[in-house]
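# A closer look at the structure
Here is how the chains run, residue by residue.
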Amino acid sequence: MTKPSCKVTFLPQHKVVDVEIGTPVLEAASRAGFRVKSLCGGEGTCKGCKMVIKKGKISGGVSGILRQSEIDTGVILSCLASVDSDVEIEIPSKTLFNKDAITGKAIDSFSGSELDIPEVSFNPFPVIQKVYLELDLPSLASNMADHQRICAAIKEKLGFSSIHTSLNTIRSLPELLRENKYCITATIGANCSAAELLYVEAGNTEKENYAIVVDMGTTTIVAHLVDLCSFQTMRAQACFNGQAKFGREVTARMIAAEKSGDEQLHTTLISDLNNLISGLLESSDISKNQVNAIVCAGNTPMVHFLLNIPTRNIRRTPYIPTSVEPSPVRASELGLEINERGLLYALPGISGWVGSDLTAGILATEMYKGDDIALLVDIGTNGEIIVGNKDWLMSCSASAGPSLEGSSVECGMRAEDGAIEKVFAENGEIKYETINNAAPEGFCGSGIIDIISVLLQLKIVNRSGKFIDDASPHISERDGIKAYTLVSKEESGSKEDIYISEADIENLITAKAAIFAAMKILLDRLDMTFDDVATFYLAGAFGKHINIDNAVTIGLIPNIPRERVKFVGNTSLMGSKIATLYREGFEKIKEIEENTTYYDLMGADDYVEEFQKAMFLPHTDIEIFE
Amino acid sequence: MDIPKVNERWTSQINEVTIGATADQGGTRSKVITVGGQTTLPGMTFEGDIPNSPVIAGYVSDVVPEWPDFLKKAIGNEINSPTEWAQKCVQEFGCDLISLRLNGADPSGDDKSAADCAKVVENVLKAVDVPLIIWGCGDDDKDAIVLQDCSAVVKGENCLIGSAKESNYKTIVAICKADNHKIISEAPVDINIGKQVNILLQDAGYDLKDVVMFQTTAALGYGLDYVYTILERARMTGLKGDKLMAGPQLADVGGEVWRIKDAVASEEILPGWGDPERRGPSWEAACAADYLQAGADILVMSHPSAIKTIQETITQIA
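Only a predicted model underlies this, so the values are computations on that prediction, with no experimental measurement involved.

Rules used throughout
Residues numbered from 1 in each chain as written. Chains lettered and ligands numbered in written order. Predicted model: local features only at pLDDT ≥ 70, side-chain atom pairs only at ≥ 80, totals over all residues. Heavy atoms only, no water. Axes fitted to C-alpha atoms, helices over the stretch in contact; angles between N-to-C directions. Helix = DSSP H or I, 4+ residues; strand = E, 2+ residues; numbered from the N terminus. Parallel < 35°, antiparallel > 145°, perpendicular 65-115°, else oblique. Contact = heavy atoms within 4.5 Å. Pairing = 2+ DSSP bridges. Buried area = accessible area lost by both parts, 1.4 Å probe. Salt bridge = Lys/Arg side-chain N within 4 Å of Asp/Glu carboxyl O. Polar contact = N/O pair within 3.5 Å; in protein donor to acceptor, adjacent residues only side chain to side chain. Nonpolar A, V, L, I, M, F, W, Y, C, P; charged D, E, K, R; others polar.

### Regarding the packing of helix H15 (residues 607–614) of chain A against helix H6 (residues 191–203) of chain B
When two helices pack together, their arrangement is captured by the angle between the axes and the distance separating the axes. It is the contact of H15(A) with H6(B), at a shortest axis distance of 9 Å, that shows an interaxial angle of 10 degrees. When the axis of H15(A) is compared with that of H6(B), the two are roughly parallel. Touching A:Glu609, A:Gln612 and A:Lys613 of H15(A) are B:Ile191, B:Asn192, B:Ile193 and B:Gln196, all from H6(B).

If you want it as C-alpha cells, here you go:
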C-alpha cells in the first residue's frame, strides 16, 4: 500500500510534484527538477538549501544556524524539513545552481586553449580505430575463417599483434560479410596491451568515429566531443557534479556512499554523464552509435564512483584505493549511452588522493620530459601538486574546497556567459568584464581572485581579508556579514546584487592557504624553494583569463618571475585528449603513474603551521612576496 | 685540544621601546622605562648585548580580583583601592611600572562606564611616578569606548596600551596614534598570527618600533611550554632580522597564575601539595623565571614575595 501523498508547489516557477508524506523537501525539489546548492550532504550545516514556506506546513527545517529574522519569515533548511501536507514553497534563486548545463553556443565560453588539440610528438593513433577493409573473397585456395580473415587484415593495416573479439561480434560476421561483398568497416579499440574488435559495419564508415573526453571534477564535470578522424574538438559541455547533494567534497561523498551504498553516487554520476552526452549530440548529425569511447580522468574517488567500485578504504589510513589503473570496460555495462559496444577508459591515477586528472596534467604539460624542475598545481576542489622533471616526479594533494571554481562563494558561478571574469581598478574605481560581455550574473574563479586582489590594493580589505570600515560606500552588511557590492541588482543579469562577502574571502583564503602550504612543504621535502622551479604551471577551471599578478597579490602563487608562470587551463581534459588520440600518450600516462611518488601531507607535522602562515594576504612571510 | 668557539652570531637587534614620559618629554613621570634593544637571547651576554634588563610591572586592577585570601593579605588592604595598590607596588614591592587592568568595565561583570574607568586611570597616574600599562577588560566593543577615554586622560604620558588583536586593532591604532601611546599586540599562542597582527598594525600606519608583543600567557601546567616556545621562536626570528617580529615581549604571569587551582587550592583539596601560601608565590615565581628565559622583557606580577624572587633572578641573569 502506498502512503498518502501530498502536493508541493515550488514558486516562483509553479512547479508541482506529488510526493509521499514524510518526503524531505530537498528531495521533493530534486524530483521537481531543481538543482539545489546543498553542499553538506543534507547535514543541515551549509545553509545552501534555504527555502521559504509560503503556504501550508512542513515539519522540521528550523535550525540554530538560521537567524531568528529568517525563521520568522518562514525560511527553512529544506534538507532538514519534510512534507506533511500540501504546501507552497518558494525557492530563492540563490538556492539554485545558476544553470544546469552549458548549452548550444556555449563552446565559445571555453578557453581556446582547451579546445585546441595540443601539439605533441606522438604518432597519431586514437584509442579507437576504424578501418575500412575490402577483404579478399574466400575461395578454396583462400579458405581462412571469416573472423581470422578480418583479424589478419586488421593486423596488416594497423600492426596489432593480438586481437580478441567477443562472441556476439563473431556471430554477426558471416551474414555481414557476405551481404556486403566483404567490404566492411571494423572498429577496433585498444584494450589493455591488446586490441579488441568491437564491431563490424557494412561499407565504409571510417569517418564516423568519435570519442567523448571527460574531466570529472568534484564540483564541475566537463565533456568534449572529439572527432577521432580529424582530431578536432566538435563540441563542449559542462555541468555541476550532481553528487554535490551527497557532499561538496569527495570525503563527504565517500561517507555518504558508506551510509547508503556506492550505487547512489555511481548512478548520479552516470546520469550526469548521460546528460552531457545527449547535450553534446543534441542537434548535431552525430548519433550515439558513432561514439565509440568515453575517456575519463578525475580524482581517484571519482573514478571509483564512475566504475562503482568500493571507496571505503581511500579515506582511512593508510588510504588505499581499490584500483588506480582499471581496465577498459564496456560503457553500456555501466549504463552510458554511447555505442553499445563502445569502451569506457578510466585513465590511471597515482594514489587515493592524486588521480588521473593529474597524470593527464603531467602528460599535457610534458613536465615528464624536461631537465629543469617544473611544478604543476591543479586547482580544483582539491589542489594537487606535482614537482619534478624527466628523472622523477613527486606529488601531493590538499583539500581546497570549491571556492576557486566559483562554488561556495555566494555570488559565484562557473566560467560561463555572464560570469565576471576580470575585475580591475581604474582611477580608484572598480570595473569588471564578463564572459562574452553578457549581463553580469556572478563571479567565476578568475573574477574572485581579481576582486580580492583589487580590494586589497585599494585598502578596502585588510590582509586578514576583513573589510576596513568606511573604506568604501559599497560595503554593507548582508545577513550580518560585511560584503562589497560590485554590481547592483539594476545592472545585473540575475536581477540580484552581485557582491563578495567576508565569508567568501575567508573561503578563498582558506583554499589558497591549503594549496600554498602544500606547495611549500613538497618543495621543502625536496630541499628546494620556489626559486628552483623553472616553470610553474597553473591549471584549473578559472575561466579564460587569470591575472597572474593578482594571483600573486593574494598569495595563491609565489612571487616568481612572471615568465616562469604558465596558465594552462584544464590540463586534465587536455591530457585525456592526448591519451585518446595518441596511443603512445596513453602508454606514457601509465609510465607517469609508475614513476610518480606520492607524498602524503598527513605525515607532515609542519602542515598546520605552514597553513596558518598562508592564512593571510598574501602570506605571513610577506618578504617572500616582495 | 682547542674547543672551537660555537657562539651564535645574531644579525639583528630587538627594538628598544620606551614607556612613560618625563616632564621634558611632555609627561609627568619621574623616570621612563626602556625595554628591548638586545642582540642576543636572555642571559647569553657572551654572544651579544643586553642593554636593558627585563622589568616587572605590578598587577593592579580597578576591582578586587577573585584571588585567594592569602594573596590579598600579602598585598594588604591597599588592594581595595587601585591608587593605593599601585603605590604599594612601586614603593614597597619595587615594581618598575604599573600594569592596570580595567576589569570592572566588563559588561558581564560590573560594567563600569568609560568615565569611571578614565577616573581610575587618572588617579593611578597621579598616585605613582612610574610609567603605566593600561588594559581594557577584554571585551572588544566595550574596550573600544573605555580605552578611548582612558587614553585621552593620559595623553602625552606615553603609556603602553593593551591589547591590539586581529579583531580590534583598528580602534587601538586610532586611539594610540591620537594620544601618542605604545601598543601591545596580542596573539593566541601562535607565532604566525602574532606576525599577522603586527603586519596589520603596520598596514594601519602604526610604527612597529612602538609595539610590545604579547602571546597571551599560560601558567605552569596549563600550556606554559607552548607559550615558552612561541616566545623563544619569536625572539630568535627577531634576532635573525625579521623586522616584523623584533618587538620586546610581555608575559602576564600575575594575571594568569592566580586563576589556577594548583597555585591557590588548599592542602585539603590537594593533599601533599604543601601550604598554598608558599606554593602559590613559588608557582608565580617559577612561571616568571621561565618566561624570563623564554625572552619576556616585561613581566606582569602580583605576589610581593614572587616579585622579590624574580627581582633577584633578573640581577643574576642580566
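From this point, things continue past the structure.
### Here's the deal with the sheet that holds strand E25 (residues 481–487) of chain A
Residues and elements named next belong to chain A. Sheet architecture is open: three strands sit in the order E24-E25-E26, paired in antiparallel fashion. Strand pairing shows two members of the sheet lacking a second neighbour, strand E24 (475–478) and strand E26 (498–501), which therefore form its edges. Each strand axis lies, on average, 45 degrees off the axis of its neighbour in the sheet, ignoring direction. Pairing geometry for E24 and E25, over four bridges, is antiparallel. In the sheet register, Glu-477 faces E25, and the bridge partner there is Lys-482. Sheet contacts for helix H10 (residues 445–457): E25 and E26; angle to E26, the most-contacted strand, approximately 65 degrees.

### Digging into the sheet that holds strand E2 (residues 15–20) of chain A
All names here are of chain A. Here we have five strands laid out as an open sheet, ordered E2-E1-E7-E3-E5, and mixed in their pairing. One side of each edge strand has no neighbouring strand; the edge strands of this open sheet are E2 and strand E5 (75–77). Averaged over all pairs of adjacent strands, the angle between their axes in this sheet comes to 35 degrees, without regard to strand direction. Taken together, the three bridges between strand E3 (residues 50–55) and E5 define a ladder with antiparallel strand orientation. Residue Lys-50 lies in a different strand from E5, and its bridge partner there is Leu-77.

### Points about the interface of chain A and chain B
Taken together, the contact pairs 15 residues of chain A with 15 residues of chain B. The largest share of the area that chain A buries against chain B comes from A:Gln612, A:Phe616 and A:Thr620, three residues that together contribute 36% of it. Across the chain A-chain B interface, the total number found is three salt bridges. Across the pair B:Asp203 and A:Arg463 runs a salt bridge, and its minimum N-O distance is 2.4 Å. Our count for the contact surface shared by chain A and chain B stands at 10 residue pairs in polar contact (both at pLDDT 80 or more). The class makeup of the residues in the side of chain A that touches chain B is five nonpolar, four polar and six charged.

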